[in-house]
Amino acid sequence: MEPKKNRIGLEITPYRGGKTTLCAGCGHNAISERIIDAFFEMGIQPRDVLKLSGIGCSSKTPAYFLGEAHGFNSVHGRMPSVGTGALLANRKMIAIGISGDGDTGAIGIGQFVHLMRRNVPIVYIIEDNGCYGLTKGQFSPTADVGSTQKNGQPNDLPPIDTCMMAVQLGASFVARSFSGDKRQLLAILKAAIAHRGTAMIDVLSPCVTFNDHEGSTKSYAYVKEHDEPSGEVNFVPFFEDITVDYDAGTTTAVTMHDGSRLYLKKVAEDYKPTDKLAAMRLMHETHSRGEFATGVLYIESDKDDLLTQMNLVDTPLAFLPPESLRPGKGVLEAVMEEHR
Amino acid sequence: MQQRVVNDFSIQVATVNGSGSQTANLVILRSIFQMGIPVSGKNMFPSNIAGLPTWYTVRANKDGFVARKKEVDFLVAMNVETAKEDVMSLEPGRAVLYDEPLKLNELRSDLSFYPVPFDKLVATVCTDAKLRRLVKNMIYDGVLSHLLDIEMTEMEKALRKQFGKKVKAADLNMGALKAGADYATQHLTKTDPFHVERMDKTTGMILIEGNSAGALGAMFAGVTVCAWYPITPSSSLPEALIGYMKKYRADPATGKATYAIIQAEDEIASIGMVLGASWAGARAMTSTSGPGVSLMSEFAGLAYYAEIPGVVFDIQRVGPSTGLPTRTAQGDILSTAMLSHGDTKQILLIPSSVEECFEMAQDAFDLAERFQQLVFVMSDLDLGMNMWMSAPFTYPDRVYDRGKVLDAAKVKELGGEWGRYRDVDGDGIPYRTLPGTGMPSYFTRGSGHNARGQYSERPDDYQNNVDRLARKFETAKSHVPAPVVEDAATEVGIIGYGTSHWAIVECRAQLEQEAGLATAYLRLRAFPFPPEVDAFISRYKRIYVVEQNRDAQMKMLLRLELPAGATNHVRSVLHYNGLPIDARSLADDILVQEGRKAAETVKAATAGRATVTTAAREGE
Ligand SMILES: Cc1ncc(C[n+]2csc(CCOP(=O)(O)OP(=O)(O)O)c2C)c(N)n1
Ligand code: SF4
């Protein structure tokens, strides 16, 4: 049988990466798998993608997907600035940034805040395991109160809710999912990739080595039990030319930037993913019950992203020819004249 | 009356920060400049927005010496707080222009005093009480124009230039200028020896600040991404860049820009953006000062080890820590040369002039891309924020060096065998690929990697890689700007760099004239040190390295880099009080270290002129 090809005629191989060196069963690996599927299914040329990350087990994962894409494993917590710079240089690229909850919520919280605020067009994934994996299990700022470390030490500081922050800060696409929920994560990823602007996805991702014990609120079993999907998520890429009936009473349609549409099925009658307050309320309510709302929690599809705001020429800045970079002799003469 | 002193004096205006005297000061500077006389202007301002004392010095010098002059010849005392102290610090025979009610003439009898009733005069020319404070400054310009013979037409021209399109404001200030001149003509009798006489030494020249020159250079160098975070004294560089780029690098009709300038949230983010942008193929830069460079340290190591280009303008100020944020120094040399942890070596370019700010901006981008690492342009506050005269800049017609970027032809040449960190050409410089070009990709990481760019913790891979980086740095020695060398038949050589140059030039003339001491001179322009440096040091018996820091940072760097023993005869002349270095202190220090008696020798040679204050630093 012929191996499956996507709409641009590629097999899955170029979407795969190196062999993972993470622990077997680590949630991060499942996320890598979904990223591979999402890009393959959407038929995006891997060479058109930039993979960016900070430091941590999670930040290693860009080496394990899209082997043909350029990748940049930068420094702890600073992937947002690197990503911003890369996109300023080449606005044609699709950027995916992978971070950890420590990388984002602790050392990198400042850069995270400003990435959201600028609405940099990047798919920003937090592989959230409530702990520091790579440095062996210390608490991260998303660890829940009462959660314990492997050695029994309890966490007594309240967690940061990165989704809540992202909504407040101006990210134009905010979602939460679970690394074990293949269907939902894949759909969210595809929607995020199609979105123009910051698409922030917090993916609960169990750390099998340091945070999967009893007492942890990020263990696979715990999350599975407390997962509360906000709705059915279906992503329909525009190239598939599919129209889905939209039942005004139960679903909200969001037109994506590239013309594709995202369909969200509400769980509650009064919940709108385009309503900031509703999103905050949903997160607040579920959180106060010790549960996680998953799905696309907030979306603002018509917000200008950073690159649009900067009014850049169409050619990527990186590839502008010298003629358009160096003003003519007359310009230097004029400036010199001003200083005489 | 003393002998006339023509075109050789310094004016110091002592005011209060925020009093709007800058325009008046620039008008003096510019009008003397327009009369063909070499000038320099230095602003000594406090780290404060309004209310603290500030001094502006204009130096006119027929021989073209533009370094800070230690002695003040003509004091304009506008600041009540410091007036007494300022007057007491003058050498005998100097002049003081002051606000009449201060009665400064009662303090001493060996100076020329010129009282001016500023408030009375300003009331006659400016009806708006709120504006008087600002307009008042132009009155001392008028008085000076009369006392020093600065032509009124040049004053007016300079004033109009300063105000540009603000005709109303210019007219108002013209009124004050005239009122000052008229008052001086009618009421003041000149008793001091200082005069301005027209010359032709500035024909065709420009006046510009180093930061504007650097920004201009960056624009012509084809910068496309600039990420920065405000810090004195560097902010005016990206601010000037924004001005130039808006005007010359955006489509006038659509506003579409061939550049992106972004004010980052801090210096870590700005250097992060620079690395991201350069990695993706842009010519990217940032501009900062010491505290910002400190913050950039981790990323600077990544740039070095992962081999990512980028340009950093470091407009040095006084450290450590917040130090004296508005004073000048050359205190970042050593920490920047080795910025970051592990074995790291950064390329430094060191401009001495506004012209070099312009040119080195272009060198910096070429070198950064050629060597795939950061290049730091080590300017300082004195150069960056002060006005300097210069020959107009020459249009750069060099081809941009985009470095070793892999394309299809090269892949073929390499037989399809590409490795990101392979040393194909034996110069230590590998080939990189840019995303979006369809060339083979690679994974950039700060962790251990082999020649193919793959993750590796193998001892031989690590060592091969860092040895190649050392080789690359060795290659850079012949690519960075060579030092400027002036040999002489003498045993004494001077090494200097950056803004110290101007004091050194003058100091060498003083040594020669006053003590018959000829000196050879090498002006460093970059790190790594080109071979000329070693050769120069070995040619002379005693070498003095002049620098504006306490710890002789460049001397240390020379010791570290040159063969063992090669620098045993190298001494230091250090200046580090936050003020720009001056020739007098420098010459005295060298004389003392040469075993001569500085003060006496100099006093004899300059009889009738200023007595010399003690050297900045006693001999060893
Ligand atoms: C500046 C700096 N500080 C500390 C570290 C050590 N460090 C490496 S990974 C890490 C935490 C990673 O945690 P997280 O982001 O949650 O990712 P995970 O490993 O759990 O996927 C830390 C603190 C570092 N590499 N750099
Ligand atoms: S330590 Fe935890 S986060 Fe890191 S790879 Fe193992 S399971 Fe994953």
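Residues numbered from 1 in each chain as written. Chains lettered and ligands numbered in written order. Predicted model: local features only at pLDDT ≥ 70, side-chain atom pairs only at ≥ 80, totals over all residues. Heavy atoms only, no water.

What chain B contains, in helices and strands, is 21 helices and 23 strands. Computed over C-alpha atoms, the radius of gyration of chain B comes to 27 Å, within 12% of the 25 Å expected from 2.2 N^0.38 for 620 residues, which places it in the range of a compact globule. Per-residue burial for chain B yields a buried fraction of 62% across its 620 residues. Sequence-distant contacts, at least 24 apart, represent 76% of the contacts inside chain B between residues at least 6 apart. Total accessible area computed for chain B in this model is approximately 22,600 Å², and 52% of it derives from carbon and sulfur atoms. Separation between the mean location of the 67 positive side-chain charges and that of the 74 negative ones in chain B comes to 2 Å. (Helix = DSSP H or I, 4+ residues; strand = E, 2+ residues; numbered from the N terminus. Rg over C-alpha atoms; globule rule 2.2 N^0.38 Å. Buried < 20%, exposed > 50% of the residue type's maximum accessible area, 1.4 Å probe, protein only. Contact = heavy atoms within 4.5 Å. Areas by Shrake-Rupley, 256 points an atom, 1.4 Å probe, with all protein chains shown as cover. Lys, Arg positive; Asp, Glu negative; His and termini not counted. Charge placed at Lys NZ, Arg CZ, Asp CG, Glu CD.)

For the rest of this paragraph, the subject is the overall build of chain A. Along its length, chain A carries twelve helices and eleven strands. Residues classed as buried in chain A amount to 58% of the 340 residues present. Within chain A, residue pairs in contact and separated by at least 24 positions form 71% of the contacts whose partners lie at least 6 positions apart. Carbon and sulfur atoms provide 52% of the accessible area of chain A, an area that totals close to 13,600 Å².

Turning to the state of the cysteines, a few remarks are in order. All names here are of chain A. As enumerated under the stated definition, the model contains zero disulfides over all chains in all. Between cysteine 163, a free cysteine, and cysteine 131, which holds the nearest cysteine sulfur, the sulfur-to-sulfur gap is 18 Å. The class of cysteine 163 is buried, set by a relative accessible area of 0%. (Disulfide = S-S within 2.5 Å.)

What surrounds ligand 2 is the set Leu22, Cys23, Cys26, His28, Cys57, Asn129, Cys207, Val208, Thr209 and Phe210 of chain A. Split by residue class, the shell around ligand 2 holds seven nonpolar, three polar and no charged. (Near = heavy atom within 4 Å. Nonpolar A, V, L, I, M, F, W, Y, C, P; charged D, E, K, R; others polar.)

As a further point, take the confidence of the model for chain B. All names here are of chain B. Looking at chain B, the pLDDT average stands at 94 and 96% of residues meet or exceed 70. Across residues 604-620, where pLDDT falls below 50, the model places 30 contacts with residues more than four positions away in sequence or in other chains. Across the assembled chains, the prediction reports ipTM 0.94 with pTM 0.93. (pLDDT = per-residue confidence, 0-100.)

Now for the site of ligand 1. If you check the shell around ligand 1, you find 18 residues, and the closest are Cys57, Ser58, Gly102, Asp103 and Gly133 of chain A. The residues that come close to ligand 1 belong to more than one chain, namely chains A and B. Within the backbone of glycine 102 of chain A, a nitrogen or oxygen atom sits 2.8 Å from an oxygen atom of ligand 1. Taken together, the elements giving at least two residues each to the shell around ligand 1 come down to helix H2 (57-60) and helix H4 (101-107) of chain A. For the shell around ligand 1, the element with the highest residue contribution is H4 of chain A, accounting for four residues. (Polar contact = N/O pair within 3.5 Å; in protein donor to acceptor, adjacent residues only side chain to side chain.)

This next bit is on the packing of helix H7 (residues 210-220) of chain B against helix H13 (residues 354-371) of chain B. Residues and elements named next belong to chain B. Following both chains from N to C, one finds H7 and H13 inclined at 35°, their axes separated by 7 Å at the closest point. Crossing angle aside, the handedness with which H7 passes H13 is right-handed. Contact residues: H7 offers Gly210, Ala213, Gly214, Leu216, Gly217, Ala218 and Phe220, while H13 offers Val354, Cys357, Phe358, Ala361, Gln362 and Phe365. In terms of residue class, the contact of H7 with H13 is built from nine nonpolar, four polar and no charged. (Axes fitted to C-alpha atoms, helices over the stretch in contact; angles between N-to-C directions. Left-handed = near helix turned anticlockwise from the far one by under 90°.)

What follows covers the interface of chain A and chain B. Listed as interface residues are 56 residues of chain A and, on the opposing side, 69 residues of chain B. Carbon and sulfur atoms make up 65% of the surface buried where chain A meets chain B, a total of about 5,100 Å² over both sides. Together, His70, Arg326 and Arg340 of chain A form the three largest contributors to the area buried by chain A at its contact with chain B, with a combined 15%. At the junction of chain A and chain B, the tally comes to three salt bridges. In this structure, lysine 256 of chain B and aspartate 314 of chain A form a salt bridge, with 3.8 Å as the shortest nitrogen-oxygen distance. For the pair chain A and chain B, the interface holds 22 residue pairs in polar contact (both at pLDDT 80 or more). By residue number, the principal contributor to the side of chain A that touches chain B is helix H12 (residues 329-338) of chain A, which donates eight residues. Its residues assigned to classes, the side of chain A that touches chain B comprises 28 nonpolar, 17 polar and eleven charged. Judged from the three bridges that link them, strand S2 (residues 70-73) of chain A and strand S17 (residues 443-445) of chain B form a sheet pairing that is parallel. (Buried area = accessible area lost by both parts, 1.4 Å probe. Salt bridge = Lys/Arg side-chain N within 4 Å of Asp/Glu carboxyl O. Pairing = 2+ DSSP bridges.)

Quantified by volume, the largest pocket comes out at close to 1,100 Å³. If you go around the largest pocket, you meet 45 residues; those closest to its centre are Asn73 of chain A together with Arg445, Gly446, Ser447 and Tyr455 of chain B. If one sorts the elements of the lining of the largest pocket by residue count, helix H11 (residues 297-306) of chain B sits on top with five residues. When grouped by side-chain class, the residues that make up the lining of the largest pocket number 17 nonpolar, 20 polar and eight charged. (1 Å grid on protein atoms, 1.4 Å probe; cavity = no way out; pocket = protein on both sides within 12 Å on 5 of 7 lines; lining within 4 Å. Points joined across faces, edges and corners; volume = space filled by probe spheres on them.)

Here we come to empty space enclosed by the protein. All names here are of chain A. Within the structure shown, the criterion is met by six cavities of 30 Å³ or more. Approximately 130 Å³ is the volume found for the largest cavity. Listing elements by their share of the lining of the largest cavity, those giving two or more residues are strand S6 (199-204), helix H9 (276-288) and strand S11 (292-299). The element best represented in the lining of the largest cavity is H9, accounting for three residues. Among the residues forming the lining of the largest cavity, the class breakdown is six nonpolar, four polar and seven charged.

One pass over the full model with this rule turns up 15 aromatic pairs over all chains. Relative to phenylalanine 393 of chain B, the ring of phenylalanine 358 of chain B lies with its centre 4.7 Å away and its plane at 20°, an arrangement referred to as stacked. Here phenylalanine 358 of chain B, found in helix H13, pairs with phenylalanine 393 of chain B, found in the loop between strand S16 (387-390) and helix H15 (408-413); they are 35 residues apart in sequence, far enough to count as distant. Sitting above the plane of the tyrosine 455 of chain B ring, lysine 60 of chain A keeps its charged end 5.7 Å from the centroid. Just above the ring of tyrosine 400 of chain B sits the side chain of arginine 283 of chain B; from NZ or CZ to the centre is 4.8 Å. (Phe/Tyr/Trp six-rings, centres within 6.5 Å; stacked < 30°, edge-to-face > 60°. Lys NZ or Arg CZ within 6 Å of the ring centre and 35° of its normal.)

Once that is clear, we can look at the sheet that holds strand S11 (residues 260-263) of chain B. Residues and elements named next belong to chain B. Ordered by their spatial adjacency, seven strands build an open sheet running S11-S10-S12-S13-S15-S14-S21, and the pairing between neighbours is mixed. Among the strands making up the open sheet, the edge pair consists of S11 and strand S21 (526-527). When strand S10 (residues 225-228) meets strand S12 (residues 284-288), the two strands line up parallel, connected through two bridges. Bridge pairing in S12 links cysteine 226 to methionine 285.

A few words now on the confidence of the model for chain A. Summing up the model confidence of chain A, the mean pLDDT is 84 and the portion of residues at 70 or higher is 82%. Across residues 229-267 of chain A, confidence stays below pLDDT 50; counting only partners more than four residues off in sequence or on other chains, it has 96 contacts.

This part covers the sheet that holds strand S19 (residues 492-497) of chain B. Residue and element names in this part refer to chain B. Spatial ordering of the open sheet is given by S18-S20-S19-S22-S23, a layout of five strands whose pairing is mixed. Edge positions in the sheet fall to strand S18 (484-486) and strand S23 (570-574), since each has one partner strand and no second. Strand-to-strand twist of the sheet, defined as the mean angle between neighbouring strand axes without regard to direction, takes the value 20°. Where S19 and strand S22 (residues 542-547) come together, four bridges link them in parallel fashion. Paired with glycine 493 across the strands is isoleucine 543, a residue of S22. Sheet strands in contact with helix H18 (residues 531-539) are S18, S19, strand S20 (520-524), S22 and S23, and its direction is about 155° off that of S20.

The next point concerns helix H7 (residues 182-194) of chain A. All names here are of chain A. For H7, built from 13 residues, the straight-helix expectation of 18 Å at 1.5 Å per residue is met to within 8% by its first-to-last C-alpha distance of 18 Å. Burial within H7 is extensive, with eleven of its 13 residues counted as buried. Three or more residues of H7 are buried, namely Gln184, Leu185, Leu186, Ala187, Ile188, Leu189, Lys190, Ala191, Ala192, Ile193 and Ala194. (Expected span 1.5 Å × (residues − 1).)

Residue and element names in this part refer to chain B. Burial analysis of strand S13 (residues 310-316) places seven of its seven residues in the buried class, which makes it a mostly covered element. Residues Gly310, Val312, Asp314 and Gln316 line one face of S13 and the alternating positions Val311, Phe313 and Ile315 line the opposite face, and both faces are buried. Strand direction decides the pairing type here: S12 and S13, joined by four bridges, are parallel. Across the sheet, methionine 285 pairs through a bridge with valine 311, a residue of S13.

Take the pattern of salt bridges next. For the structure shown, the criterion picks out 53 salt bridges over all chains. A salt bridge links arginine 34 of chain A to aspartate 37 of chain A; its shortest N-O distance comes to 3.2 Å. Residue arginine 34 of chain A and its partner aspartate 37 of chain A are located together in helix H1 (residues 27-42), separated by three residues, close to a single helical turn. Ionic contacts of the salt-bridge type, sharing partners, join the residues Arg283, Asp363, Asp366, Glu369, Arg398, Arg402 and Arg432 of chain B into one network.

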